[in-house]
Amino acid sequence: MAKDLTDVLVSVRNMEVTFGSKRHPFVAVHDVSFDIYKGETFGLVGESGSGKTTIGRAIIRINPMSAGEVLFNGERISGKISKELDKQVTQNIQMIFQDPMASLNERAKVDYIVSEGLQNVRKDLSKEERSKMVEQALLDVGLLPEFASRFPHEFSGGQRQRIGIARALIMEPEFIIADEPISALDVSIRAQVLNLMSKLQKEHGLTYLFIAHDLSVMRFICDRIAVIHKGVIVELAETEKLFAHPLHPYTRALLSAIPLPDPKSEKHKKLVIYDPSCHHYETDKPVWTEIEPGHFIMANKEELEKYNKMLGK
Amino acid sequence: MEDYIIEHTPDYNNPVLTVEDLVVKFNLRGQVLTAVRGISLELYKGESLAIVGESGSGKSVFTKTFMGLLDNNGWIDNGHIYYHDYDLTTFKKEKDWTKIRGQRIAMVFQDPMTSLNPLKTVGKQIQEAFTLHNKVSKAEAKARTLELLADVGIPEPEKRYKQYPHEFSGGMRQRVVIAIAMACVPEILICDEPTTALDVTIQAQILDLLKKLQAKYGLTVIYITHDLGVVANVADRIAVMYAGDIVEIGTCDEVFYDPKHPYTWALLSSLPQLGIKGEDLYSIQGTPPNLFQHIQGDAFAPRNPQALKVDFVARPPYFEVTPTHKARTWLLDPRAPKIDPPPHLKNIMNLNRGGDLSNG
């Protein structure tokens, strides 16, 4: 699946997100920069607390950024923007949430849940047009149109996640941020949701930002993966390159933790545990370097030499 | 934690727990639901058995019967559970159970965020489990608690003893839950989805910890999970459950390398680790059967595209593949046509994590 990666859709420049008060600030995301190309699936992987969700939320303007900017189709969408642009952003960037049990309004019917966004942004639509669009969105995600009159509690976890996807899809977005869309689902249903997501990508020409903690899932769906640790992106590469030559010790720790359905290799597996004190950054500060084409890494001079050797250069 | 060898030795001649033809039913809004449909199982001393199945397959209900933890609307309709000199199905009163529950058979629950009391310090919660079953002085109880905290790999036990659950991360909380379960050094430890709510890195560490504890204390461990990928690491034997029944059981290698039941094939096939980029992942069509109704034939037949005619008529018996491996499928009958497992299951043998992780 060679995708033509030339048009930058989303560009994150030196993003920094700070929580807490002025006196006790906590910087959750440090100086993060990356580009997402049109039509690709960009993976963001890290453990809980690494700031991966915060990045997603900052792009969609839920969390304010304390520095840096986000460009969407070349236009700045972070900070103060016009009302008109804000509306466009709301429509063009949608989100799929982790827990389908918690992210749907229990008291609203599916019809309302799916069409809520439309009612706010596309006020020109008549009722009939709107319900037609709901019908189409439900069909797109493999649900029956008559489900529109039911409540969320009548559905299983997998079906609920489909409703969550339909709700994002109906806005006809260009870009979808999927925040751990399958972590809360059973293995057999995970496969269905992943298949659905790649089918929709082909049909609607979507671009995904896929946030997860499990590299084994990402290998299957992502074109490029960025590994994030404590709010800093430590490595970024095409999926196969990252799996073939993981360089950063944190990436290697994540890879070593992937559970494999193979007893022989599992029973001899050696966990690599990442210890941040293995870096010596006191005098020699790390910089974001392109070590081979398309493969970026956060490293200082000494480490770069080591990594170059590992790549056989 | 010091380094001791992570090897445990199952004793396959010595069953600690024997289940015979167990049927569990629930009364739901006037209707009767059969959650467990006649399971027989032997659990051997020192082994780790993984029970795998989708949500709703009855895997949690099945193990809850070992501890008398069924909800009030559920009951054991038929069968026996023999544990040492007891038949656990005859236990009626809470008093009977206190001898077993927590002391001989203990449980680690799924979500460490909700299974701890937020208003009590972690030390108190562990101590409580210990003092409930043992008459000891306060000082002794505290010493034992600190020992337990160290055992489950929590650094600075003295300081952590006085802290509340919200001061712990998810992985650390799960270690506390394990410490509570280990407080009385049980014979059988049931882990109900112990790692589902955790990150992959933490998940691997928790499984490692459970393995170490098993070796150190000679525990018999039951893992309940929906993710076959997780159990390859820890299980000696695997039981695959579907619609309240064990459809296949065998050693870890047998189930992964030579699965016989179509449902096991389907579960393995849908693992993203086996997916090929750009192609669809295999996914199981349809939904699990309605357990309110009587199930005719093989419960998986309606979702199995290659089901035989007989699958819809008669429930298959167990066919023995090897002395340790049996499956409930008509495919193993000598008269059945030969249907091969999906070809990509062979890929299990040559999976890799990527990269050469041995150097550097």
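Reading guide: rules and limits
Residues numbered from 1 in each chain as written. Chains lettered and ligands numbered in written order. Predicted model: local features only at pLDDT ≥ 70, side-chain atom pairs only at ≥ 80, totals over all residues. Heavy atoms only, no water. Pairing = 2+ DSSP bridges. Helix = DSSP H or I, 4+ residues; strand = E, 2+ residues; numbered from the N terminus. Axes fitted to C-alpha atoms, helices over the stretch in contact; angles between N-to-C directions. Contact = heavy atoms within 4.5 Å. Core = buried A, V, L, I, M, F, W, Y, C linked by side-chain atoms within 4.5 Å. Buried < 20%, exposed > 50% of the residue type's maximum accessible area, 1.4 Å probe, protein only. Domains from an automatic or database assignment. Expected span 1.5 Å × (residues − 1). Buried area = accessible area lost by both parts, 1.4 Å probe. Salt bridge = Lys/Arg side-chain N within 4 Å of Asp/Glu carboxyl O. Polar contact = N/O pair within 3.5 Å; in protein donor to acceptor, adjacent residues only side chain to side chain. Nonpolar A, V, L, I, M, F, W, Y, C, P; charged D, E, K, R; others polar. 1 Å grid on protein atoms, 1.4 Å probe; cavity = no way out; pocket = protein on both sides within 12 Å on 5 of 7 lines; lining within 4 Å. Points joined across faces, edges and corners; volume = space filled by probe spheres on them. Parallel < 35°, antiparallel > 145°, perpendicular 65-115°, else oblique. Left-handed = near helix turned anticlockwise from the far one by under 90°.

**Here we look at the sheet that holds strand β8 (residues 220–225) of chain B**
Residue and element names in this part refer to chain B.
Okay, step 1: Spatial strand order, β6-β7-β8-β3-β9-β10-β12-β11: 8 strands in an open sheet with mixed pairing. In this open sheet, the two edge strands, each paired with only one partner strand, are β6 (105–108) and β11 (319–322). Averaged over all adjacent pairs, the angle separating strand axes in this sheet is 20 degrees, with direction ignored.
Okay, step 2: Judged from the 5 bridges that link them, strand β3 (residues 48–52) and β8 form a sheet pairing that is parallel. Along β8, the bridge assignment pairs Ser 48 with Val 221.
Okay, step 3: Across the sheet, helix α7 (residues 200–217) touches β3, β7 (188–192) and β8, and the angle it forms with β8 is around 160 degrees.

**As for the nonpolar core**
General note: in soluble globular proteins, nonpolar side chains tend to be found buried as a group.
Okay, step 1: Of all hydrophobic cores here, the largest spans 168 residues; its most connected members are Phe 210 of chain A together with Leu 17, Phe 62, Ile 105 and Ile 238 of chain B.
Okay, step 2: Counting contributing residues per domain, this core is built from domain 1 (11–235) and domain 2 (245–350) of chain B, each supplying no fewer than three.
Okay, step 3: Membership of the second largest hydrophobic core comes to 31 residues, among which are Val 17, Leu 209, Ile 211 and Ile 233 of chain A.

**Quick look at helix α6 (residues 170–182) of chain B**
Residues and elements named next belong to chain B.
Okay, step 1: Over its 13 residues, α6 runs 18 Å from end to end, which matches the ideal 18 Å to within 8%, given 1.5 Å per residue.
Okay, step 2: Burial analysis of α6 places 12 of its 13 residues in the buried class, which makes it a mostly covered element.
Okay, step 3: Every buried residue of α6 is listed here: Gly 170, Gly 171, Met 172, Arg 173, Gln 174, Arg 175, Val 176, Val 177, Ile 178, Ala 179, Ala 181 and Met 182.
Okay, step 4: Buried residues in α6 make contact with β6, α3 (122–133), α4 (138–151), α5 (157–161), β7 and α7.

**Quick word on the sheet that holds strand β5 (residues 75–76) of chain A**
All names here are of chain A.
Okay, step 1: The strand order β2-β1-β4-β5 describes an open sheet built from 4 strands, whose pairing is antiparallel. The open sheet has two edge strands with one neighbour each: β2 (26–37) and β5.
Okay, step 2: With 5 bridges joining them, strand β1 (residues 8–19) and strand β4 (residues 67–72) adopt antiparallel strand pairing. Among the inter-strand pairings, Val 12 is bridged to a residue of β4, identified as Val 70.

**Overview of the interface of chain B and chain A**
Okay, step 1: Each side of the interface is counted separately: chain B has 47 residues, and chain A has 45 residues.
Okay, step 2: Taking both sides of the interface into account, the surface hidden between chain B and chain A amounts to around 4,200 Å²; carbon and sulfur atoms contribute 56%.
Okay, step 3: At the junction of chain B with chain A, the criterion picks out 0 salt bridges.
Okay, step 4: Between the two partners, chain B and chain A, sit 8 residue pairs in polar contact (both at pLDDT 80 or more).
Okay, step 5: Its residues assigned to classes, the side of chain B that touches chain A comprises 20 nonpolar, 17 polar and 10 charged.

**Some words on empty space enclosed by the protein**
Residue and element names in this part refer to chain B.
Okay, step 1: In total, this model carries 5 cavities of 30 Å³ or more according to the counting rule given.
Okay, step 2: What the second largest cavity holds in volume is close to 60 Å³.
Okay, step 3: Arg 37, Asp 245, Val 247, Gly 297, Asp 298, Ala 299, Arg 315, Pro 316 and Arg 328 together form the lining of the second largest cavity.
Okay, step 4: By residue class, the composition of the lining of the second largest cavity is 3 nonpolar, 1 polar and 5 charged.

**Things to note about the packing of α3 of chain B against α6 of chain B**
Residues and elements named next belong to chain B.
Okay, step 1: Across the interface, α3 lies against α6 with an axial gap of 8 Å and an inter-helix angle of 25 degrees. Relative to α6, the element α3 is oriented roughly parallel. Judged by the twist between their axes, the crossing of α3 over α6 is right-handed. In contact with Val 122, Gln 125, Ile 126 and Ala 129 of α3, α6 contributes Val 176, Ala 179 and Ile 180.
Okay, step 2: Here the contact of α3 with α6 is built from residues that sort into 6 nonpolar, 1 polar and no charged.

**Brief notes about the domain arrangement of chain B**
Residue and element names in this part refer to chain B.
Okay, step 1: Once the domains are mapped, chain B shows domain 1 (11–235) and domain 2 (245–350).
Okay, step 2: Domain 1 and domain 2 are separated by 29 Å when their C-alpha centres are compared.
Okay, step 3: The interface of domain 1 with domain 2 comprises 21 residues on the first partner and 17 residues on the second.
Okay, step 4: Interface area, domain 1 with domain 2, both sides summed: about 1,800 Å², of which 62% is carbon and sulfur.
Okay, step 5: If you sort the residues of domain 1 by the area they bury against domain 2, Arg 37, Glu 54 and Leu 228 come out on top, with a joint share of 41%.
Okay, step 6: Here domain 1 and domain 2 share 1 salt bridge between them.
Okay, step 7: A salt bridge links Glu 54 to Arg 303; the shortest N-O distance between them is 3.2 Å.
Okay, step 8: Counting the contacts that link domain 1 with domain 2 gives 4 residue pairs in polar contact (both at pLDDT 80 or more).
Okay, step 9: When contributions to the side of domain 1 that touches domain 2 are tallied by element, the ones reaching two or more residues are β2 (31–45), β3 and α8 (228–231).
Okay, step 10: In terms of residues, the side of domain 1 that touches domain 2 owes the most to one element, β2, which gives 9 residues.
Okay, step 11: Broken down by class, the residue content of the side of domain 1 that touches domain 2 amounts to 12 nonpolar, 6 polar and 3 charged.

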